[in-house]
Amino acid sequence: MVITPNVPNLPYQLLDGIKHFELIAEPVQQEILPGVFLQAWGYNGTTPGPTILVCPGDWVNIRVYNRLPVATSVHWHGLDIPNVMDGVPEVEPSPRIEPGCYFDYRFRIVNPPGTHMYHAHYQTVRQEMMGLSGGLIILEPTQSPAGPDYFMMLHEFHANGLDKGIVRPGSYSLDPISDMFNFFTINGRCYPYTSPLPVASGDQVKLRLANVGMNAHPMHLHGHQFIISASDGNTIAPCNRLTKNTIPVASGETFDIEFTANNPGIWPFHCHIPHHVANNFTDPTGGMFTTVIYQR
Ligand SMILES: [Cu+2]
């Protein structure tokens, strides 16, 4: 089963053969480091929002409530769905959800298994950079006995009110139209508050990476080589799979990478841009950084 460290899966109710999900777009206090909160926007209390897990062929109804002070929409990024459900009200016949209202996004999952995202697509720069995004994963219908499978949403924020080189507990507003980011997150947390990724020797490990931010993040794994098994939710034929140890994840992209856990230890997995592995430009390792930890 796919695990999104630090982020819950979105529960659903099966009614009349349709999986009913509920997302609430709302202001959230996102704890990115112990005692350091961002006044962000998210879904159901967190940014990224809960991970939506579906199966090929599912009919889904995702009710999106808007508890933001402004209108919003949700775009199902990478899914081949009807135009009216695609969530871009400025150009599509897809509605804007006014504050206090909801809309039911109802569609069938016609894409094959793969890693996708959802995010706001109204006043996009502001709403994405406030944190309105999450993961949507189409599962393999038959769960083969596989190793650990971790989903990681990469993001970046500009927190106001902190001079460069200082991190102190508090609750900080965001500047969503700045491109001078000072905090870089994996699933809404900065290192050392990110969760390590447990593996066992011999495991075949899958990491799913997704990004709707501004920058591309070259994610680098120590001590192992990985293959790129899928891009943007589409499986790559085995004969076409690159073997690498760093993969740039640009905005709008998802990648699935896989490696064999054959080198026990505690191994960094991180963005390779120096500013992105620091918290507000302080010296200790921070930001978009986590570790693969062998349990045995
Ligand atoms: Cu980066």
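Residues numbered from 1 in each chain as written. Predicted model: local features only at pLDDT ≥ 70, side-chain atom pairs only at ≥ 80, totals over all residues. Heavy atoms only, no water.

Draft legend 1. Inspection of the overall build of the protein chain at higher detail. In terms of regular secondary structure, the protein chain is built from one helix and 22 strands. For the protein chain, the C-alpha radius of gyration of 19 Å lies close to 19 Å, the compact-globule estimate for 296 residues. Of all intrachain contacts in the protein chain linking residues separated by at least 6 positions in sequence, the fraction that spans at least 24 positions is 74%. If you sum the accessible surface of the protein chain, you get close to 12300 Å²; carbon and sulfur atoms cover 54% of it. Looking at the protein chain, you have 15 positive and 24 negative side-chain charges, and the mean spots of the two groups are 4 Å apart. (Helix = DSSP H or I, 4+ residues; strand = E, 2+ residues; numbered from the N terminus. Rg over C-alpha atoms; globule rule 2.2 N^0.38 Å. Contact = heavy atoms within 4.5 Å. Areas by Shrake-Rupley, 256 points an atom, 1.4 Å probe, with all protein chains shown as cover. Lys, Arg positive; Asp, Glu negative; His and termini not counted. Charge placed at Lys NZ, Arg CZ, Asp CG, Glu CD.)

Draft legend 2. Just the pattern of salt bridges, in detail. Throughout the structure, instances matching the rule amount to five salt bridges. Here Asp58 ties to Lys19 by a salt bridge, and the two come within 2.7 Å at their closest N and O atoms. A residue pair is termed long-range when its members are at least 10 positions apart, and Asp58 in the loop between strand E4 (49-54) and strand E5 (59-66) and Lys19 in strand E2 (residues 18-33) qualify at 39 residues. With its nearest N and O atoms 3.9 Å apart, the salt bridge here joins Arg208 to Asp256. Taken together, the positions of Arg208 in strand E14 (residues 204-211) and Asp256 in strand E20 (residues 254-260) put the pair 48 residues apart, joining distant regions of the chain. Assigned by exposure class, Arg208 and Asp256 land together as buried. What you see here is one network of salt bridges that share partners, running through Asp149, Arg208 and Asp256. (Salt bridge = Lys/Arg side-chain N within 4 Å of Asp/Glu carboxyl O. Buried < 20%, exposed > 50% of the residue type's maximum accessible area, 1.4 Å probe, protein only.)

Draft legend 3. Representation of the packing of aromatic side chains. What the rule picks out here adds up to eight aromatic pairs. With 5.8 Å between their ring centres and 40° between their planes, Trp76 and Tyr118 make a pair best called tilted. Of this pair, Trp76 sits in strand E6 (residues 75-77) while Tyr118 sits in strand E8 (residues 114-119), and the two are 42 residues apart along the sequence. A single burial state applies to Trp76 and to Tyr118, both of which are buried. Here the aromatic residues Tyr43, Trp76, Phe103, Tyr105, Phe107 and Tyr118 are joined through ring pairs into a cluster of three or more. Its guanidinium or amino end placed over the ring of Phe281, Lys164 lies 4.7 Å from that ring's centre, counting from NZ or CZ. (Phe/Tyr/Trp six-rings, centres within 6.5 Å; stacked < 30°, edge-to-face > 60°. Lys NZ or Arg CZ within 6 Å of the ring centre and 35° of its normal.)

Draft legend 4. Just the pairing of strand E16 (residues 226-231), in detail. Taken together, the two bridges between E16 and strand E18 (residues 243-244) define a ladder with antiparallel strand orientation. The residue bridging Ile227 from the neighbouring strand is Thr243, located in E18. Where E16 meets E20, four bridges bridge the pair, whose relative direction is antiparallel. When the bridges of E20 are listed, Ile228 appears paired with Ile257. (Pairing = 2+ DSSP bridges.)

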